[in-house]
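An overview of the molecular structure
Chain by chain, the residues run as shown.
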Number of protein chains: 2
Amino acid sequence: MKTPVSKLEKFTNDNARVDTAAVQPLPNSRKIYIQGSRADIQVPMREITQSDTATGRGAEKNPPIYVYDTSGPYTDPDTRIDIRHGLPPLREKWIDERGDTEILTGLSSSYSLKRLQDPALTKMRFNLMRPVRHARNGANVTQMHYARRGIITPEMEFIALRENQRRERVADLASNELLNRQHPGQSFGAIIQEWITPEFVRDEVACGRAIIPANINHPETEPMIIGRNFLVKINANIGNSALGSSIQDEVEKMTWAIRWGGDTVMDLSTGKNIHETREWIIRNSPVPIGTVPIYQALEKVDGKAEELTWEIFRDTLIEQAEQGVDYFTIHAGVRLPFIPMTAKRMTGIVSRGGSIMAKWCLAHHQESFLYTHFEDICEIMKAYDVSFSLGDGLRPGSIYDANDEAQFAELKTLGELTEIAWKHDVQVMIEGPGHVPMHLIRENMDLQLKYCHEAPFYTLGPLTTDIAPGYDHITSAIGAAMIGWYGTAMLCYVTPKEHLGLPDKDDVKDGIITYKIAAHAADLAKGHPGAQVRDNALSKARFEFRWNDQFNLSLDPDKAREFHDETLPQEGAKLAHFCSMCGPNFCSMKITQDVRDYAAQQGISETVALQEGMARKANEFIEKGGELYSKQ
Amino acid sequence: MKTPVSKLEKFTNDNARVDTAAVQPLPNSRKIYIQGSRADIQVPMREITQSDTATGRGAEKNPPIYVYDTSGPYTDPDTRIDIRHGLPPLREKWIDERGDTEILTGLSSSYSLKRLQDPALTKMRFNLMRPVRHARNGANVTQMHYARRGIITPEMEFIALRENQRRERVADLASNELLNRQHPGQSFGAIIQEWITPEFVRDEVACGRAIIPANINHPETEPMIIGRNFLVKINANIGNSALGSSIQDEVEKMTWAIRWGGDTVMDLSTGKNIHETREWIIRNSPVPIGTVPIYQALEKVDGKAEELTWEIFRDTLIEQAEQGVDYFTIHAGVRLPFIPMTAKRMTGIVSRGGSIMAKWCLAHHQESFLYTHFEDICEIMKAYDVSFSLGDGLRPGSIYDANDEAQFAELKTLGELTEIAWKHDVQVMIEGPGHVPMHLIRENMDLQLKYCHEAPFYTLGPLTTDIAPGYDHITSAIGAAMIGWYGTAMLCYVTPKEHLGLPDKDDVKDGIITYKIAAHAADLAKGHPGAQVRDNALSKARFEFRWNDQFNLSLDPDKAREFHDETLPQEGAKLAHFCSMCGPNFCSMKITQDVRDYAAQQGISETVALQEGMARKANEFIEKGGELYSKQ
């Protein structure tokens with residue numbers, strides 16, 4: 001999977017191809033759409049069909065299971081994919097109808113114009129056919145602005161349906177029983193009744209507790225929401241570096257990441273042609289794209305942090321906003337007085353953005369221009385509806401540095417900046433650590449809620465120990481699941497290559513699946529209505545030896561099947577009432593089923609049968625027992 | 001790594017070989033021994049040497065780091081390994097000196113005698129030269145019995161030194177500072193002063209809060225302790241099934257598991273020749289071996305649970321106790337009245353032992369013979385010092401079934417049985433779930449402590465979601481780390497193959513490393529003095545670009561190096577002040593270091609420099625700044 005450096009320059013518009021592995025539907029899965037109040041609100045879901053359960057009384061149907069689907073049109077066989085043309089602009093009409101934007105006749109960023117005029121880039125440039133938009137003079141085009149005026153946008157309705165795909169599932173009796181038993185103090189009846197409505201989405205966005213990253217120049221995006229009263233989301237980082245990978249690789253990583261469940265993708269490119277790479281990614285992405293604009297700004301001054309200026313940064317924001325980036329990480333909380341607080345740390349400043357700004361501050365002995373120009377930045381954000389992801393430039397890079405003075409000083413500042421952004425109706429989420437031992441995780445969540453007024457938290461991990469490079473997807477999934485349960489709205493994945501190298505496609509998948517586990521474990525622990533339906537369905541399939549259903553319902557059907565088939569490759573084994581762990585005569589699931597079958601044969605309910613069996617049927621059970629163990 | 005079924009019968013005494021991959025010391029590591037109060041108390045540790053830090057003021061030494069070492073003599077180049085002869089009987093003299101055991105002239109188990117007399121097994125039989133011991137008439141040879149009489153055994157002293165290898169490390173200033181900052185409510189000064197003493201070990205064993213699994217017939221074992229006031233331990237399951245793997249494979253899995261950190265190993269074989277397989281494993285194992293004797297008993301009645309008898313089970317206990325099994329999982333809490341409570345579960349009874357006993361109870365309409373003969377079992381246990389691992393036969397097998405009536409009814413019974421065992425001075429730990437969503441984990445720990453009088457808890461995971469077969473090492477590591485933090489003393493690993501197939505060596509390693517992460521994260525969160533020294537050392541190495549030290553200090557040096565080298569294979573890159581993630585000009589760690597170096601060049605302390613820099617040196621910094629970014 002390694003990318004030879006020589007591939008770097010070879011990508012062109014002519015040889016761009018779709019990754020065929022990433023455009024097949026998953027096994028036994030079908031893309032369906034739920035229509036909203038208007039014909040063009042079509043909310044995608046993945047339907048997983050199950051086989052019947054064979055019982056002594058004939059076949060018992062198992063309902064299809066519906067799961068949240070981030071993979072976009074790629075897994076829809078009815079859509080023709082050509083990455084040279086990008087995805088259909090799903091939201092274009094909605095944006096247009098609002099009448100508060102105008103089509104630009106030329107790009108506003110001088111850097112964009114320069115790249116556009118460079119003939120050397122012609123071959124690799126995405127052939128942009130989509131008009132570029134900007135808010136009409138004085139207009140504010142953020143979803144927060146609409147929400148605060150009481151407007152329910154099509155995006156909000158789309159999101160309500162999307163999160164709500166679980167509505168039908170909560171009718172699942174098993175799930176309801178469990179919710180009542182496992183969350184006795186909470187009134188889930190009420191939540192289920194009035195579960196996610198478009199009004200609820202609007203209200204959460206209006207008060208800042210959730211964001212909808214949806215740049216008006218990224219109409220290809222399928223609306224999604226980040227907030228702690230919704231499903232926990234995950235982000236996958238991709239991006240080239242000076243040492244490897246091409247545009248093609250990055251587009252493939254994006255389609256690969258969303259196939260396995262990435263809710264947003266951050267393009268963290270720092271290598272060559274990052275303007276062009278980004279254009280290709282955005283035009284082909286059905287999920288919101290985030291960036292860290294300071295990375296590109298630094299490239300523009302040849303890596304010399306002290307030469308950065310507000311003007312260069314401003315032009316970069318506009319460049320990226322007009323391409324359609326949905327959220328910007330901005331490290332505006334790295335203030336001059338906080339930098340000395342990091343001097344005695346074990347690992348100093350580990351955030352790239354943070355260290356760039358720290359260096360700039362020291363060189364100029366000035367407050368960071370991100371901080372002093374924060375209101376100017378808000379003006380740009382609201383003209384395109386780019387959301388803030390306020391960066392944690394002083395996050396701890398080791399267990400030793402966790403929860404220190406520098407980290408929390410910055411967090412407090414991020415809370416102050418949140419209030420300024422909200423004054424402009426600009427959407428905000430807050431980035432969080434990093435490296436934190438388990439017992440210090442809750443303090444991070446509690447202080448974030450307090451200082452940042454419940455703006456959504458978006459954390460990297462946290463890693464709960466430093467001693468396992470090569471396994472940091474796991475050290476961090478532990479922290480991610482916990483902080484997700486405590487209230488974090490989105491988890492930024494960590495791959496096995498963290499601290500060691502650039503992730504390839506295998507690493508991207510490992511990171512995604514690991515973080516889907518963390519996010520789902522958090523949804524279960526939060527008591528998200530319906531989250532448990534998939535667990536229940538998979539457990540039932542497992543118990544009934546419906547091996548294919550067990551694979552198909554899992555987060556990674558390919559791997560589950562592959563692992564099973566290593567020991568029992570024969571297709572017949574998928575119907576067998578045993579597996580290779582215990583062999584044909586020694587399966588506890590089978591024994592329990594035998595007990596139940598016995599009860600069923602007697603024509604009495606299970607519980608009564610067991611009790612009666614204890615009282616009267618002991619001998620009869622022994623007689624029939626021999627047969628129950630006969631080989632399959 | 002798949003084992004063809006045809007290999008099953010091919011193993012013999014003549015072709016037994018050691019796995020050479022598992023007998024090399026880890027990189028830059030050396031086995032050292034700390035001597036106790038007598039010459040034959042030699043406590044092994046692994047010393048990891050570090051390279052110096054290059055600074056502007058010359059080389060700065062980095063001290064060696066000492067880590068707990070479970071790998072036994074295998075990683076000691078001075079020891080000759082021949083698995084046909086087994087390991088040296090380290091504890092033999094200690095056992096002998098106590099004068100409360102006698103050498104048997106013949107084996108006490110009729111099954112053992114039968115196997116011994118079967119000429120077909122000659123070739124594969126381990127050539128046992130070690131005498132078999134039994135308590136002298138009426139004697140009680142358990143470590144708990146000694147502890148309660150105030151005796152400190154050599155085993156206890158060995159353990160104190162072993163857990164205490166961290167004593168010198170807590171002098172590490174960084175660690176102390178952190179402990180004071182991160183656990184402000186706790187007085188770590190006091191804990192560090194009187195950290196693990198032999199008296200403390202004795203007292204913890206005496207009150208039942210910790211166990212030392214150490215059968216008098218397993219003198220090869222290096223003493224270790226399981227209790228919540230000690231380092232969190234992990235167990236690795238191995239064992240053949242009817243469908244695969246040979247004696248050689250299982251011995252290799254054992255040496256492989258302890259190489260990566262397995263503190264105990266359970267042999268869960270259910271296939272062929274499990275008596276002989278077990279003998280080979282025990283004779284070659286420096287860690288305690290656990291089993292589930294009911295598995296073998298069931299094989300003896302051809303898999304017909306209802307034909308099990310107390311006599312067959314009793315003979316199996318004696319057979320295994322005389323081989324040297326250190327702890328037995330016994331599902332004595334599966335009582336007749338609890339079985340109907342499982343009828344409406346999603347996944348019934350998933351414990352193999354639990355389902356066997358449930359079937360027996362129903363067939364006979366009687367209380368389980370494990371329950372009715374519990375005191376008889378205690379009599380056997382105390383004659384060999386086998387510890388109880390009271391099995392959770394009714395543990396939940398799905399999120400849906402977590403924390404239900406059946407599970408807690410059994411747990412309460414296990415508490416009653418604990419009191420009976422303690423009456424006999426027999427050591428006890430309690431097995432725990434299973435599948436539990438995060439928000440229900442703490443209740444498991446709290447009730448276990450309450451019902452079972454603080455006997456050590458030994459949990460399988462728990463898995464925090466059911467939807468990720470193929471990744472259940474991760475779904476369960478989340479739960480394992482949390483419950484370890486809450487107080488679980490030993491974590492039973494889960495491999496990626498869980499629910500799907502028999503783990504091979506790669507899976508065993510993945511399971512072990514994942515669980516070492518969970519256990520270590522728990523040690524950190526519990527504030528275990530010294531646990532963080534390894535994190536600190538690794539983070540410092542990372543920050544200083546000492547790549548080889550970073551690899552060598554990690555749980556899996558091989559993988560860390562392999563991942564790094566995928567992108568930067570040149571040996572020179574191990575000295576480079578960057579990695580492939582950001583490339584040579586864009587490393588935040590490097591930027592922070594540049595800032596510090598700048599301060600050092602000025603001959604002033606960092607903090608002052610940063611502050612002065614802000615006040616006066618801004619221009620100078622800019623001038624010199626250009627150079628700081630020059631390419632390496």
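The shown structure was predicted, so the numbers you read here are calculated from the model rather than taken from an experiment.

Points about the overall build of chain A
Check the secondary structure of chain A and you find 25 helices and 17 strands. Put simply, chain A has 632 residues, and 69% of those count as buried. A fraction of 76% describes how many contacts in chain A between residues 6 or more apart in sequence connect residues 24 or more apart. Of the roughly 20,300 Å² of accessible surface on chain A, 51% is carried by carbon and sulfur atoms.

Quick notes on the side chain of Ser112 of chain B
Within the element layout of this structure, Ser112 of chain B appears in helix H2 (residues 110-117). Not counting residues up to four positions away in its chain, the partners in contact with Ser112 of chain B are Leu107, His275 and Glu319 of chain B.

Some details on the nonpolar core
Judged by nonpolar contacts, the single largest core of 304 residues is most densely connected at Phe313 and Phe388 of chain A together with Phe313 and Phe388 of chain B. Dropping the residues within four chain positions of it, Phe313 of chain B is found in contact with Pro293, Ile294, Ala297, Ile330, Phe369, Leu370 and Ile377 of chain B.

Here's the deal with helix H10 (residues 274-283) of chain B
Among the 10 residues that make up H10 of chain B, 10 are buried, leaving the element largely enclosed by the rest of the structure. Within H10 of chain B the residues assigned to the buried category are Ile274, His275, Glu276, Thr277, Arg278, Glu279, Trp280, Ile281, Ile282 and Arg283 of chain B.

Observations regarding the UniProt feature "binding site: Zn(2+)" in chain A
Under the feature "binding site: Zn(2+)", the UniProt entry names His435 and His499 of chain A. Spatially, the listed residues are clustered: although they cover 65 residues, their C-alpha atoms lie within 12.3 Å of one another. You can see His435 of chain A is positioned in the loop between strand E15 (428-432) and helix H17 (441-451). What His435 of chain A contacts, discounting residues up to four positions off in sequence, is Pro396, Gly397, Ser398, Ile399, Ala402, Pro462, Leu463, Asp466 and His499 of chain A together with Arg542 of chain B. Take His499 of chain A: it is sitting in the loop between strand E17 (490-492) and helix H19 (505-526). Residue His499 of chain A is classed as buried on the basis of its relative accessible area of 13%. A distance of 2.8 Å separates polar atoms of two side chains, one belonging to His499 of chain A and the other to Asp472 of chain A.

A word on the sheet that holds strand E12 (residues 289-291) of chain A
Pairing between the strands of a sheet comes from backbone hydrogen bonds, and it takes one of two forms, parallel or antiparallel. Residues and elements named next belong to chain A. Pairing in this closed barrel of 8 strands is parallel, and the strands run E10-E11-E12-E13-E14-E15-E16-E17 around the ring. If you compare each strand with its neighbour and ignore which way they point, the axes differ by 25° on average. Examined bridge by bridge, strand E13 (residues 327-330) and strand E14 (residues 387-390) share 4 bridges and lie parallel to one another. By the bridge assignment for E14, Thr329 is matched with Ser389.

With respect to unusual backbone geometry
Look at the link from Gly461 of chain A to Pro462 of chain A: it is a cis peptide, with omega at 10°. Residue Asn28 of chain B is not a glycine yet carries a positive backbone phi of 55°.

Here we look at the packing of helix H16 (residues 405-423) of chain B against helix H17 (residues 441-451) of chain B
All names here are of chain B. Running from N to C, H16 and H17 point in directions that differ by 30°, and their axes come no closer than 8 Å. Classed by the angle they form, the pair H16 and H17 counts as roughly parallel. For the pair H16 and H17, the sense of crossing is right-handed. Here Gln407, Phe408, Leu411, Lys412 and Gly415 of H16 come into contact with H17, specifically with Glu443, Asn444, Leu447, Gln448 and Tyr451. Considering only residue class, the contact of H16 with H17 consists of 4 nonpolar, 4 polar and 2 charged.

Quick word on the pattern of salt bridges
Think of it this way: side chains of opposite charge can pair up when their charged atoms draw near. Residues and elements named next belong to chain A. Per the stated rule, a full pass over the model turns up 73 salt bridges over all chains. One salt bridge connects Arg345 with Asp404, and the closest N-O pair in it is separated by 2.8 Å. Of this pair, Arg345 sits in the loop between E13 and helix H13 (352-364) while Asp404 sits in the loop between E14 and helix H16 (405-423); the two residues are 59 residues apart in sequence, bridging distant segments of the chain. Comparing Arg345 with Asp404 shows no difference in burial state: the two are buried. The salt bridge partner of Asp556 is Lys509, with a shortest N-O separation of 3.1 Å. Note that Asp556 is positioned in the loop between helix H21 (547-552) and helix H22 (557-567) and Lys509 in helix H19, a separation of 47 residues in sequence.

Some details on the sheet that holds strand E5 (residues 65-68) of chain A
Residues and elements named next belong to chain A. Across the sheet, which stays open at both edges, the 3 strands sit in the order E1-E2-E5 with antiparallel pairing between neighbours. Looking at the sheet topology across the chains shown, the edges are occupied by strand E1 (29-35) and E5. Adjacent strand axes in the sheet meet at a mean angle of 40°, parallel and antiparallel pairs treated alike. Strand direction decides the pairing type here: strand E2 (residues 42-48) and E5, joined by 4 bridges, are antiparallel.

Describing H19 of chain A
All names here are of chain A. Here H19 spans 31 Å end to end across 22 residues, near enough to the 32 Å set by a 1.5 Å rise per residue. The element H19 is extensively covered by neighbouring structure, given that 18 of its 22 residues are classed as buried. A positive backbone phi angle near 75° is found at Gly527, which sits one or two residues after H19.

Things to note about the pairing of strand E15 (residues 428-432) of chain B
Residue and element names in this part refer to chain B. When you tally the buried positions in E15, you get 5 out of 5 residues, the bulk of the element. Side chains Val428, Ile430 and Gly432 of E15 all project onto a buried face; the interleaved residues Met429 and Glu431 project onto the opposite face, where all are buried too. For the crossover that starts at strand E14 (residues 387-390), traverses H16 and ends in the parallel E15, the hand is right-handed. Where E15 meets strand E16 (residues 457-460), 3 bridges bridge the pair, whose relative direction is parallel. Across the sheet, Ile430 pairs through a bridge with Phe457, a residue of E16.

Topic: the environment of Glu92 of chain A
Within the secondary structure, Glu92 of chain A is located in helix H1 (residues 92-97). For the pair formed by Glu92 of chain A and Ile216 of chain A, sequence separation is 124 residues and the distance between their alpha carbons is 8.1 Å.

Considering the environment of Pro131 of chain A
All names here are of chain A. Secondary-structure assignment places Pro131 in the loop between helix H2 (110-116) and strand E7 (133-135). Exposure remark for Pro131: the relative accessible area of 27% places this residue in the partly exposed category. It is 8.2 Å that separates the C-alpha atoms of Pro131 and Asn217, two residues lying 86 residues apart in sequence. Apart from the residues lying within four places of it in its own chain, the contact partners of Pro131 are Glu92, Ile103 and Asn217.

Thoughts on the packing of aromatic side chains
All names here are of chain A. This structure, assessed with the given rule, holds 22 aromatic pairs over all chains. Here Trp310 and Phe313 contribute two aromatic rings whose centre-to-centre distance is 6.4 Å and whose plane-to-plane angle is 40°, an arrangement assigned as tilted. On the criterion of helical spacing, the pair formed by Trp310 and Phe313 is a turn pair, its members being 3 residues apart in helix H12 (residues 310-323). Residues Trp310 and Phe313 agree in their burial class; the two are buried.

Examining the packing of helix H4 (residues 154-164) of chain A against helix H8 (residues 198-206) of chain A
All names here are of chain A. In the contact formed by H4 and H8, the axes pass within 8 Å of each other and the chain directions differ by 115°. In terms of axis orientation, H4 runs roughly perpendicular to H8. You can see that H4 and H8 cross each other, and the crossing is right-handed. Here Met156, Glu157, Ile159 and Ala160 of H4 lie close against H8, whose contacting residues are Pro198, Val201 and Arg202. Class assignment of the residues belonging to the contact of H4 with H8 gives a composition of 5 nonpolar, no polar and 2 charged.

Analysis parameters
- Residues numbered from 1 in each chain as written.
- Chains lettered and ligands numbered in written order.
- Predicted model: local features only at pLDDT ≥ 70, side-chain atom pairs only at ≥ 80, totals over all residues.
- Heavy atoms only, no water.
- Helix = DSSP H or I, 4+ residues; strand = E, 2+ residues; numbered from the N terminus.
- Buried < 20%, exposed > 50% of the residue type's maximum accessible area, 1.4 Å probe, protein only.
- Contact = heavy atoms within 4.5 Å.
- Areas by Shrake-Rupley, 256 points an atom, 1.4 Å probe, with all protein chains shown as cover.
- Core = buried A, V, L, I, M, F, W, Y, C linked by side-chain atoms within 4.5 Å.
- UniProt positions renumbered as here; feature names shortened; annotations may be inferred.
- Polar contact = N/O pair within 3.5 Å; in protein donor to acceptor, adjacent residues only side chain to side chain.
- Pairing = 2+ DSSP bridges.
- Axes fitted to C-alpha atoms, helices over the stretch in contact; angles between N-to-C directions.
- Parallel < 35°, antiparallel > 145°, perpendicular 65-115°, else oblique.
- Left-handed = near helix turned anticlockwise from the far one by under 90°.
- Nonpolar A, V, L, I, M, F, W, Y, C, P; charged D, E, K, R; others polar.
- Salt bridge = Lys/Arg side-chain N within 4 Å of Asp/Glu carboxyl O.
- Expected span 1.5 Å × (residues − 1).
- Right-handed = clockwise from strand over helix to strand, strands pointing away.
- Phe/Tyr/Trp six-rings, centres within 6.5 Å; stacked < 30°, edge-to-face > 60°.

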